[in-house]
Amino acid sequence: MLEGKAVVIETDMSEAMQSRCLELAYQALDLHEVSDCQAIAQFIKQNQAYDVCSPRVRNNKKFDEAYGSAWHCVVGLDFGSCITHLCGNFIFFRVETVEFLVFKDGKELTESKEEAIGVLQKDGKVDS
């Protein structure tokens, strides 16, 4: 368990989502060995989340379900990254020596891949 305070290095998340990420990080560090970065990351991604509109009220949704799909969590002692993310869905922070990168990548599409390709082909944007 690490006792240090989280230092947010970069973020574009709402305050409610930031608070939830930090809370999950502290819980994960309490439950798992600091060296087990995979278990810590999985805990953050798969644990229950608070509703964004009412952070004090717990709901029964996982992080992906509460905030939409396509979330990624990277935890490590020293790593670099080059990612793309959806605006408002990124945080990079540190708790003592452990770094956390949580971000959402991609769109929540209601159409299938085939439907999306068909739309592009119909518009003449994809060469056959």
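Not measured: the values here are computed from a predicted model.

Peer 1: Quick question: what am I supposed to make of unusual backbone geometry here?
Peer 2: With the exception of glycine, most residues fall at negative phi, and the peptide bonds are largely trans. Located in the positive-phi region is Glu96, a residue other than glycine, with phi close to 50 degrees. Its place among the elements puts Glu96 in the loop between strand S5 (90-95) and strand S6 (98-104). Using a relative accessible area of 39% as the deciding quantity, one classes Glu96 as partly exposed.

Peer 1: When you look at the packing of aromatic side chains in this model, what are you seeing that I'm missing?
Peer 2: Each aromatic ring pair is specified by the distance between its two centres and by the angle formed by the two planes. Scanning the entire structure with this criterion turns up two aromatic pairs. When the ring of Phe79 is compared with that of Phe92, the centres are 6.1 Å apart and the planes differ by 75 degrees; the resulting orientation is edge-to-face. With a gap of 13 residues between them, Phe79 in the loop between strand S4 (71-76) and S5 and Phe92 in strand S5 connect regions that are remote in the sequence. Pairing Phe93 with Phe100 gives two aromatic rings, centres 4.7 Å apart and planes at 5 degrees, and the pair type is stacked. You can call Phe100 buried: its relative accessible area is 0%.

Peer 1: Explain the sheet that holds S6 here, please?
Peer 2: The pairing of strands in a sheet happens through backbone hydrogen bonds and is either parallel or antiparallel. Pairing within the open sheet is antiparallel, and its four strands lie in the order S1-S5-S6-S4. Of all strands in the sheet, those with a lone pairing partner are strand S1 (6-11) and S4, marking the two edges. Recorded for the sheet is a direction-independent mean angle of 15 degrees between the axes of neighbouring strands. In this structure, S4 lies alongside S6, joined through six bridges in antiparallel fashion. Residue Val74 lies in a different strand from S6, and its bridge partner there is Leu101. Where helix H1 (residues 15-31) meets the sheet, it contacts S1, S4, S5 and S6, and its direction lies at approximately 40 degrees from that of S5. Lying over the sheet, helix H2 (residues 37-46) contacts S4 and S6, oriented at roughly 150 degrees with respect to S4.

Peer 1: Got a minute to help me understand the pairing of S6 in this structure?
Peer 2: Regular strands show a simple pattern: their side chains alternate between the two faces of the sheet. With respect to burial, S6 is a largely interior element, seven of its seven residues being buried. Taking every second residue as pointing to the same face, both faces of S6 are buried, with Val98, Phe100, Val102 and Lys104 on one and Glu99, Leu101 and Phe103 on the other. Relative to S6, S5 is paired through six bridges, and the arrangement is antiparallel. If you follow Phe90 over to S6, its bridge partner there is Phe103. In textbook terms, the turn of a hairpin is the stretch between consecutive antiparallel strands, and for S5 and S6 this stretch comprises two residues, one of which, Glu96, has a positive phi near 50 degrees.

Peer 1: I keep staring at the nonpolar core and nothing clicks. Help me out?
Peer 2: A general trend in soluble globular proteins is that nonpolar side chains are found buried together. Counting residues in hydrophobic clusters, the biggest one holds 24 residues, and the most contacted among them are Met13, Ile40, Ile44, Val75, Phe93, Phe100 and Val102. Secondary-structure elements contributing two or more residues to this core are H1, H2, S4, S5 and S6.

Peer 1: Can you walk me through the environment of Val75 in this structure?
Peer 2: Assignment of secondary structure puts Val75 in strand S4. Exposure remark for Val75: the relative accessible area of 11% places this residue in the buried category. With 19 residues separating them in the primary sequence, Val75 and Arg94 have C-alpha atoms 9.5 Å apart.

Peer 1: Would you mind showing me how to read the pattern of salt bridges here?
Peer 2: If charged atoms from side chains of opposite charge come close, those side chains can pair. Inspection of every chain in the model, using the stated rule, returns two salt bridges. The residue Glu23 makes a salt bridge to Arg20 at a minimum N-O spacing of 2.9 Å. Here Glu23 pairs with Arg20, and both are found in helix H1, just three residues apart, close to one helical turn. For Glu23, a relative accessible area of 25% gives the class partly exposed. Here Glu99 makes a salt bridge to Arg94, at a shortest N to O gap of 2.9 Å.

Quick notes on the rules
- Residues numbered from 1 in each chain as written.
- Predicted model: local features only at pLDDT ≥ 70, side-chain atom pairs only at ≥ 80, totals over all residues.
- Heavy atoms only, no water.
- Helix = DSSP H or I, 4+ residues; strand = E, 2+ residues; numbered from the N terminus.
- Buried < 20%, exposed > 50% of the residue type's maximum accessible area, 1.4 Å probe, protein only.
- Phe/Tyr/Trp six-rings, centres within 6.5 Å; stacked < 30°, edge-to-face > 60°.
- Pairing = 2+ DSSP bridges.
- Axes fitted to C-alpha atoms, helices over the stretch in contact; angles between N-to-C directions.
- Contact = heavy atoms within 4.5 Å.
- Core = buried A, V, L, I, M, F, W, Y, C linked by side-chain atoms within 4.5 Å.
- Salt bridge = Lys/Arg side-chain N within 4 Å of Asp/Glu carboxyl O.

By themselves, these figures tell us nothing about what the structure is for.
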